[in-house]
Amino acid sequence: MQTTIYYFTGTGNSLKIARDLAQKLEECELIPIVKVWQTEDLESTSEKIGFIFPLYYSGLPKIVYDFINKIDLSKSNYFFTVVTSAEDINDLPLQQLEKILKTKGKTLSAGFFINMPNNFIIGFNIHSEERQKRFFENAINQVEKISEIIKDKKENLTQDLFEKNLSKSEEINQTFRDEVYEYDKSFYADDNCNSCGICEKTCPVSNIILVEGIPQWQHKCQLCLACINFCPEKSIQFDKKTLKTGRYHHPEITLQEIINQKK
Ligand SMILES: Cc1cc2nc3c(=O)[nH]c(=O)nc-3n(C[C@H](O)[C@H](O)[C@H](O)COP(=O)(O)O)c2cc1C
């Protein structure tokens, strides 16, 4: 395989981008991080390696951070990333990736951000449908441009970017990664829960189990928000923060595709 894209997604934005990009590249395989992250002796064999994931608290999701630290990348020589975010552009994930790759004697060659609709409903409400549509349209053009850069193994990052002082963002992301397993203490299912078990199936890290029909979170949460956004009864809440917010997942990514990731 020429290219392998490792992706992480909660609500489909990053999977949609990863899939569209893979279609434009020759000989490209897509691997969900949640399927392989606990495997021992992980190693890449493709020449080009991509990491596609959502921006979490200004930086890498914990699972992505842990996975990239763990995987043996010695056989690969071109690394790129596409970060999907809800309008925030923050160079921290590029710096974080470069730092990890450096410990392996590698470097990040190319990095891109794509604005996508917000799924962080515990902080902000979802974007209007009209706005979402505009994000999707722009994303199509961006993926086309990104694919051309990757095909030619071009570089688009400078040393200045890696040296920028982003200590504030770093602190925010570090605290998030240190504490995220416990954040699920704020989730609960309200009286609308009909014990369908979709949350249990959807959770990419199998952090939810149904006890007498009621979902219970097991404190190894990545905060991807798949459970709350895909619940068909809108019964899952996060404290009081989500009582009035909408729910979001990418319209072209099905519940089954999210469920299948970990299989
Ligand atoms: C825990 C969490 C933290 C987030 N933090 C940010 C952020 O710092 N800046 C931002 O623009 N979007 C943030 N978002 C929004 C997502 O990055 C964005 O909606 C992304 O496209 C979702 O990707 P997915 O559908 O592949 O999961 C956050 C989302 C979650 C769930």
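Before going further, it helps to spend a moment on the overall build of the protein. Within the protein, the secondary structure is distributed over ten helices and nine strands. For the protein, the C-alpha radius of gyration of 18 Å lies close to 18 Å, the compact-globule estimate for 263 residues. If one aligns the C-alpha atoms of the protein with their principal axes, the spans along those axes are about 55 × 40 × 40 Å. Every one of the 263 residues in the protein was classed for burial, and the buried ones make up 54%. Residue pairs at least 24 apart in sequence account for 80% of intrachain contacts in the protein once pairs closer than 6 positions are excluded.

Looking now at the side chain of S169. Summarising the element assignment, S169 is placed in helix α7 (residues 167–179). Discounting residues that sit within four places of it in the chain, S169 has contacts with Y57, S58, N90 and L92.

Our focus in this paragraph is the pairing of strand β1 (residues 3–7). The two faces of a sheet get side chains in turn, since along a regular strand they alternate between them. In terms of residue burial, β1 counts as a mostly covered element, since five of its five residues are buried. Here β1 shows no split at all, with T3, I5 and Y7 on one side and T4 and Y6 on the other all buried. For β1 and strand β2 (residues 28–32), the ladder comprises five bridges, and the chain directions are parallel. By the bridge assignment, T4 is partnered in β2 with E29. What joins β1 to β2 is helix α1 (residues 13–24), and the crossover it makes is right-handed. Examined bridge by bridge, β1 and strand β3 (residues 48–54) share five bridges and lie parallel to one another. Each bridged residue has a counterpart across the sheet, and for Y6 the counterpart in β3 is F51.

Another aspect to go through is the pattern of salt bridges. As enumerated under the stated definition, the model contains 14 salt bridges in all. The shortest N-O distance in the salt bridge between K164 and D91 comes to 2.4 Å. Placement of the pair is K164 in the loop between α6 (159–163) and α7 and D91 in the loop between β4 (78–85) and α4 (92–103), with a sequence separation of 73 residues. A salt bridge links K185 to E182, with the nearest nitrogen and oxygen atoms 2.5 Å apart. Residue class for E182 comes out partly exposed when judged on its relative accessible area of 38%. One continuous salt-bridge network, built from bridges that share partners, spans K16, D20 and E252.

On to the environment of F51, then. Note that F51 resides in strand β3. Since its relative accessible area comes to 0%, F51 is described here as buried. For the pair F51 and S14, spaced 37 residues apart in sequence, the C-alpha separation works out to 9.9 Å. In contact with F51, other than residues within four places in its own chain, are Y6, F67, I68, L73, F79, F80, T81, V82 and L97.

Moving on: the nonpolar core. Judged by nonpolar contacts, the single largest core of 78 residues is most densely connected at I5, F8, L21, F51, F67, F187 and L223. Each of domain 1 (3–176) and domain 2 (180–260) gives at least three residues to this core. The residues contacting F187, other than those within four sequence positions of it, are W217, C221, L223, L225, C227, I228, I236, Q237 and F238.

With seven of its seven residues buried, β3 lies for the most part within the structure. Pairing of β3 with β4 involves seven bridges; the strand directions are parallel. Looking at β4, one finds that G50 is bridged to F80. A crossover connection joins β3 to the parallel β4 through helix α3 (residues 62–70); in handedness this β-α-β unit is right-handed.

In this section: the domain arrangement of the protein. Assigned domains of the protein: these are domain 1 (3–176) and domain 2 (180–260). Taking only C-alpha atoms into account, the centre of domain 1 sits 24 Å from that of domain 2. Domain 1 puts 28 residues into the contact, and the matching count from domain 2 is 28 residues. With both sides pooled, the region where domain 1 packs onto domain 2 buries about 2,400 Å², and carbon together with sulfur makes up 65% of that total. Where domain 1 meets domain 2, there are two salt bridges. Among the ionic pairs, K16 bridges to E252, the shortest N-O distance being 2.9 Å. Along the contact surface separating domain 1 from domain 2 lie eight residue pairs in polar contact (both at pLDDT 80 or more). Breaking the side of domain 1 that touches domain 2 down by element, the ones donating at least two residues are α1, α3, α5 (129–151) and α7.

About the thresholds
Numbers given to residues run from 1 along each chain, matching the order in which its sequence is written. pLDDT decides what is reported in this predicted model: residues at 70 or higher carry local features, side-chain atom pairs at 80 or more are listed and counted, and totals for whole chains, interfaces and linings draw on all residues regardless. Side-chain metrics rest on all non-hydrogen atoms present in the structure, leaving aside hydrogens and water. A helix here means a DSSP run of H or I that spans at least four residues, while a strand means a run of E at least two residues long, and both kinds are numbered starting from the N terminus. Here the globule rule is a power law, 2.2 Å times the number of residues to the power 0.38, and the radius of gyration is based on C-alpha atoms. Exposure categories follow from relative accessible area, calculated using a 1.4 Å probe and restricted to protein chains: below 20% of the type maximum is buried, above 50% is exposed, and the middle band is partly exposed. Should any heavy atoms of two residues lie within 4.5 Å, those residues are counted as being in contact. In this analysis, strands are considered paired if DSSP registers two or more bridges between them. By the criterion used throughout, a crossover qualifies as right-handed when its path from the first strand across the helix to the second strand runs clockwise, the strands pointing away from the viewer. A pair is scored as a salt bridge if a Lys or Arg side-chain nitrogen falls within 4 Å of a carboxyl oxygen belonging to Asp or Glu. For this analysis, a nonpolar core means a set of buried residues of the types Ala, Val, Leu, Ile, Met, Phe, Trp, Tyr and Cys, connected via side-chain atoms within 4.5 Å. Boundaries between domains were set according to an automatic or database domain assignment. A 1.4 Å probe defines the accessible area here, and the buried area is the portion of it lost by two parts on being joined, summed over both. Think of a polar contact as two N or O atoms within 3.5 Å of one another; within protein, one of them needs to be a possible hydrogen donor and the other a possible acceptor, and neighboring residues in sequence only count if both atoms come from side chains.

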